[in-house]
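Structural characterization, general
What follows is the residue order along each chain.
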Amino acid sequence: MHAQYPLHQPGGISGLFLWQRVVAVSSNEEARWMRRCLALAEKGRGQTSPNPMVGAVVVKDGRMVGQGYHPRAGEPHAEVWALNDAGPRAKGADLYVNLEPCCHHGRTPPCTDRIKEAGIRRVVVAMTDPNPQVAGRGVRALERSGISVQSGILEKEARRQNEVFLTFMVKKRPFVLWKAASSLDGRTAAKSGHARWVTDSLARSEVHQLRTEMDGILVGSGTVLADDPKLTARPLPPGYTQPAPVLLDGRGRIPLTASVFEDRQGPLYWFVREDVPELDSLPPQVERIPIPSQADALAWILRELARRNITSILLEGGSYTTARFWQERYVDKIRWYLAPKIIGADGIPAVGPLGHESMDSVELLQSVSMEFVGDDVRVEAYPPWHAD
């Protein structure tokens, strides 16, 4: 709460009403500036990995005097851009930021030091940083310097925005977004396997945009053999990098003539069983990774991807691969495009058997939202095991 507001509730009924009004004004102002931080943070979507998306605003006397966001890993953090934008006006001002400021040396110096030097009097954060190198230490460092800190403003919105970063930090694995496109009866292709196109061009364009926001695209060998996909984002906007294809190919069935290997600019991760013979030569940037025979395969694969700083995966596999991810609870979010078409029971299903004997074992999805995309419907939801 701002220093000019009373520290104690005035006496009497009228005083109580006045106090409630002041609190409401304060809360609305704080939410307003935090929403601006979240909007600024969005400018970095798809470009900050493995860092979070962060926006910051400097406010003095009820006016914004500086703002900034984190554009990509290795560049200054949002707080630095905002303080530089504010210049000398930052002295005695409030700083709003959607994530706790860092207090450690990484690729850049600690933001807490820069905040102290600027003369900021108060910092308002949406949420603490789950990174073990920060995790409340940034707040404590500021408070030890006499800077007031308030946390929890629009925390739920901030957590949702940086759900990829939170999953990566807390679960030590990539965030898995399952993307599917099917007919109304849940079929992704005709019985011959022909799948072009289930949805219309607007939905497909959205999917390519979604690919630019992810670190990797994961499919099984069946999808590569049936569809021969490139697994690229088209077109790729300036400043973005192509997501890394992740191939689950236990028996080593994918040929080197597959389109996914053509003109490979960035990394490709090709997981096979350890008893699959090695190849004499591989295209540049391709890493063929043997899976230990005793390993819990999906858990091991996700840990290996995390070790390579893959923070997010777009799961675009076939029915067998997606069923495995779902059954082992490695799906963190769903985006499903439904086309107004009926293919029939002889078509290819979007997801394989899950073993439900009765409806009593089928759990409801959470936070479901739907929106038309052309003639198709985009459904977004979280799995039953998701926790806000």
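Residues numbered from 1 in each chain as written. Predicted model: local features only at pLDDT ≥ 70, side-chain atom pairs only at ≥ 80, totals over all residues. Heavy atoms only, no water.

Regarding the packing of aromatic side chains
Under the definition given, this model contains five aromatic pairs. Ring centres 4.7 Å apart and planes at 55° place the aromatic pair tryptophan 326 and tryptophan 385 in the tilted group. Of this pair, tryptophan 326 sits in helix α10 (residues 319-327) while tryptophan 385 sits in the segment after β16 (376-382); the two residues are 59 residues apart in sequence, bridging distant segments of the chain. A relative accessible area of 21% means that tryptophan 385 is categorised as partly exposed. In this arrangement the basic side chain of arginine 32 is found over the ring face of tryptophan 33, its NZ or CZ atom lying 4.1 Å from the centre. (Phe/Tyr/Trp six-rings, centres within 6.5 Å; stacked < 30°, edge-to-face > 60°. Helix = DSSP H or I, 4+ residues; strand = E, 2+ residues; numbered from the N terminus. Buried < 20%, exposed > 50% of the residue type's maximum accessible area, 1.4 Å probe, protein only. Lys NZ or Arg CZ within 6 Å of the ring centre and 35° of its normal.)

Quick word on the sheet that holds strand β8 (residues 216-220)
Spatial ordering of the open sheet is given by β11-β10-β9-β8-β12-β6-β13-β16-β15, a layout of nine strands whose pairing is mixed. With partners counted over all chains shown, the strands left at the sheet margins are β11 (286-291) and β15 (366-373), one partner each. Strand-to-strand twist in this sheet, taken as the mean axis angle between neighbours without regard to direction, amounts to 20°. Taken together, the seven bridges between strand β6 (residues 175-183) and strand β13 (residues 333-339) define a ladder with parallel strand orientation. Across the sheet, alanine 181 pairs through a bridge with tyrosine 337, a residue of β13. Packing of helix α7 (residues 201-212) onto the sheet brings it into contact with β6, β8, β12 (312-315), β13, β15 and β16, and relative to β13 it is tilted by some 160°. (Pairing = 2+ DSSP bridges. Axes fitted to C-alpha atoms, helices over the stretch in contact; angles between N-to-C directions. Contact = heavy atoms within 4.5 Å.)

Quick notes on the sheet that holds strand β1 (residues 55-60)
With respect to topology, five strands assemble into an open sheet ordered β2-β1-β3-β4-β5, the strand pairing being mixed. The strands lining the two open edges of the sheet, one partner per strand, are β2 (63-69) and β5 (148-151). Direction aside, neighbouring strands of the sheet carry axes that sit 15° apart on average. Of the strand pairs in this sheet, β1 and β2 are connected by six bridges, and their pairing is antiparallel. Bridged to valine 57 within β2 is glutamine 67. Where helix α2 (residues 78-86) meets the sheet, its contacts fall on β1, β2 and β3 (94-97), and the angle it forms with β2 comes to roughly 140°.

What about unusual backbone geometry?
The amide bond that connects arginine 196 to the next residue, tryptophan 197, takes the cis arrangement and shows omega of 0°. Its place among the elements puts tryptophan 197 in the loop between β7 (187-189) and α7. Proline 235 follows arginine 234 through a cis peptide bond whose omega is -5°. Topologically, proline 235 is positioned in the loop between α8 (221-227) and β9 (244-248). Phi angles above zero are rare outside glycine, and asparagine 309 is one such case at about 65°. Note on placement: asparagine 309 falls in the loop between α9 (297-307) and β12.

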